[in-house]
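Per-entry structural report
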Amino acid sequence: MSSVTVRVPAKVNVQLSVGPLREDGYHDLVNVFHAVSIFDEVVAKESESITVQVNGKWSDQVPTDDGNLAIRAARALAKHAGRTYGADLVIQKEIPVAGGMAGGSADAAGALVACNELWGLGLPFEDLMEIAGDLGSDVPFSLLGGTAVGTGRGEQLCELPTGGTFHWVFALADGGLSTASVYAECDRLRAASGAEVPWPQLNDSLMEALGTGDAYALGAHLSNDLQAAALNLRPELAPTLDSGRQHGALGAIVSGSGPTCAFLAIDATHARDLALSLTTTGAAHTAVAAHGPVQGATLV
Ligand code: ATP
């Protein structure tokens, strides 16, 4: 096989509950991931060494050296297989960079699936999940897709059944937000308030809304503990969220660590209208309609 193509989705967190800061610097999370139809494509071609090229909208913001998560994933896979392998990875980037939609993790997951195939390793999904967990807490979900609850640092996953398709609009912001700086701001705000931080709990009403496919109930129960921190760092996101609500979004939240804003729509037509309203009113410079859940990293 000389070339393999894998498609990998972005994610939105429909619940992101952040526990107290642990001694190791991490937080325990209850993280409900939902894979949506904004895809990066990772092509792996036969080569002597492991390289990456990034094309598409945000390619200039993505490192092409060893800092690229797709390269790190390919190297980790080769190490796991105990051999030296090469692959030229070409990423077509559609997922916003540093946008809170796990674009880097998606590319890592894509590289794992593509190189497993290109190199004829035939490793089972469980092995890829284990390597993914070592690469980053969002990488296993990018492999899995669908809807799933992550606990621990987010990497211990349990799949969740959903009762239908949900329609979303994502308002993309200029420039990214670093996940680490948003967590740091969250810790700072919590320390300043002095309030005790509760242990994160899965929201049963949200689970029920996902299970029954009830978009109205899901919209009412979307939550993100990082939102206040992201809004503090990017105050201009607050009017974007308000504008989506005014145009009938069933729920409006910052996606993960932001700055992408996620709006839940009634159906596909409403999502298209909402995306148009957000851009024509200037509330967002780019708004993309998408749906979920979709499959994780998939060979095409
Ligand atoms: P998350 O939602 O998982 O917190 P994010 O969507 O906010 O992540 P990413 O798009 O994954 O953020 O990018 C975070 C940083 O990782 C970028 O600023 C970039 O420098 C680096 N990076 C490394 N490899 C990649 C990649 N393949 N694609 C995107 N960013 C990458």
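Scoring rules and cut-offs
Residues numbered from 1 in each chain as written. Predicted model: local features only at pLDDT ≥ 70, side-chain atom pairs only at ≥ 80, totals over all residues. Heavy atoms only, no water. UniProt positions renumbered as here; feature names shortened; annotations may be inferred. Near = heavy atom within 4 Å. Polar contact = N/O pair within 3.5 Å; in protein donor to acceptor, adjacent residues only side chain to side chain. Areas by Shrake-Rupley, 256 points an atom, 1.4 Å probe, with all protein chains shown as cover. Helix = DSSP H or I, 4+ residues; strand = E, 2+ residues; numbered from the N terminus. Nonpolar A, V, L, I, M, F, W, Y, C, P; charged D, E, K, R; others polar. Salt bridge = Lys/Arg side-chain N within 4 Å of Asp/Glu carboxyl O. Buried < 20%, exposed > 50% of the residue type's maximum accessible area, 1.4 Å probe, protein only. Contact = heavy atoms within 4.5 Å. Axes fitted to C-alpha atoms, helices over the stretch in contact; angles between N-to-C directions. Left-handed = near helix turned anticlockwise from the far one by under 90°. 1 Å grid on protein atoms, 1.4 Å probe; cavity = no way out; pocket = protein on both sides within 12 Å on 5 of 7 lines; lining within 4 Å. Parallel < 35°, antiparallel > 145°, perpendicular 65-115°, else oblique.

Under an unreviewed UniProt entry, the name given to the protein chain is 4-diphosphocytidyl-2-C-methyl-D-erythritol kinase, and the source organism is Nonomuraea aridisoli. The Sequence similarities (unreviewed entry) comment attached to the protein chain in UniProt states, word for word, "Belongs to the GHMP kinase family. IspE subfamily." One UniProt comment on the protein chain, placed under Pathway (unreviewed entry), says "Isoprenoid biosynthesis; isopentenyl diphosphate biosynthesis via DXP pathway; isopentenyl diphosphate from 1-deoxy-D-xylulose 5-phosphate: step 3/6."

Some remarks on the site of the ligand
Around the ligand sit 21 residues in total, of which A98, A102, G104, D138 and T179 are the nearest. Contact distances for the ligand include 2.9 Å between an oxygen atom and a backbone N or O atom of G100. In the environment of the ligand, an oxygen atom lies 2.6 Å from a nitrogen or oxygen atom belonging to the side chain of D138. Relative to its unbound accessible area of 620 Å², the ligand is 80% covered by the protein chains. With three residues, helix α2 (residues 103–118) is the largest single contributor of residues to the shell around the ligand. Residues belonging to the shell around the ligand are distributed by class as follows: eight nonpolar, nine polar and four charged.

Details of the pattern of salt bridges
With the rule as written, the count across this model stands at nine salt bridges. E94 is the partner of K57 in a salt bridge, and the nearest nitrogen-oxygen pair spans 3.1 Å. Highlighted residues: K57 in the loop between β3 (50–56) and α1 (69–81) and E94 in the loop between β4 (87–93) and α2, separated in sequence by 37 residues. Among the ionic pairs, D225 bridges to R190, the shortest N-O distance being 3.6 Å. Note that D225 is positioned in the loop between β8 (223–224) and α8 (227–233) and R190 in helix α5 (residues 179–193), a separation of 35 residues in sequence. Judged by its relative accessible area of 34%, D225 is partly exposed. Each of R22, D24 and D28 takes part in salt bridges that share partners, so that together they form one network.

Looking at the side chain of S142
Along the chain, the position of S142 falls in helix α4 (residues 139–144). For S142, a relative accessible area of 4% gives the class buried. S142 has contacts with V8, P9, A102, S105, A106, A109, G296 and A297, leaving out every residue within four places of it along the chain.

Observations regarding the packing of α1 against α2
One way to put it is that α1 packs onto α2 with a least axis distance of 7 Å and a crossing angle of 35°. Between α1 and α2 lies a crossing of right-handed hand. Contacts between α1 and α2 pair L69, A70, A73, A74 and L77 from the former with G104, S105, D107, A108, A111, L112, C115 and N116 from the latter. The residue makeup of the contact of α1 with α2, split by class, is nine nonpolar, three polar and one charged.

Let's talk about the side chain of H27
Checked against the element boundaries, H27 lands in strand β2 (residues 27–46). One polar contact links H27 to D187, side chain to side chain, over a distance of 2.7 Å. The contacts of H27, once residues within four sequence positions are left out, are V18, G19, P20, L21, R22, G152, R153, Y183 and D187.

Quick look at the UniProt feature "domain: GHMP kinase N-terminal" (unreviewed entry) in the protein chain
UniProt tags residues 68–146 as "domain: GHMP kinase N-terminal" (unreviewed entry). Annotated as 58% helix and 9% strand, the span residues 68–146 places its first and last C-alpha atoms 25 Å apart.

As for the UniProt feature "active site" (unreviewed entry) in the protein chain
The positions UniProt marks with the feature "active site" (unreviewed entry) are K11 and D138. These annotated residues cover 128 residues of sequence, and their C-alpha atoms all fall within 9.2 Å of one another, placing them together at a single site. Taken from the residues named earlier, the lining of the largest pocket is made up of K11 and D138. Here K11 shows up in strand β1 (residues 3–21). For K11, the contacting residues outside a window of four places in its chain are F33, H34, A35, V36, G100, M101, A102, D138, F141, S255 and G256. Separated by 2.7 Å, the side chains of K11 and N13 make a polar contact. Relative to the helices and strands, D138 is located in the loop between α3 (125–135) and α4. Ignoring any residue separated from it by four or fewer positions in sequence, one finds D138 in contact with K11, F33, A102 and S105.

Overview of the packing of α1 against α3
Relative orientation of the contacting elements α1 and α3 amounts to 130°, with a least axis distance of 10 Å. By the angle between their axes, α1 is oblique relative to α3. Helix-helix and strand crossings are classified by hand; for α1 and α3 the assignment is right-handed. Between α1 and α3, the residues in contact are L69, R72, A73, A76, L77 and H80 and D127, L128, I131 and L135, respectively. Looking at the contact of α1 with α3 residue by residue, the classes come out as seven nonpolar, one polar and two charged.

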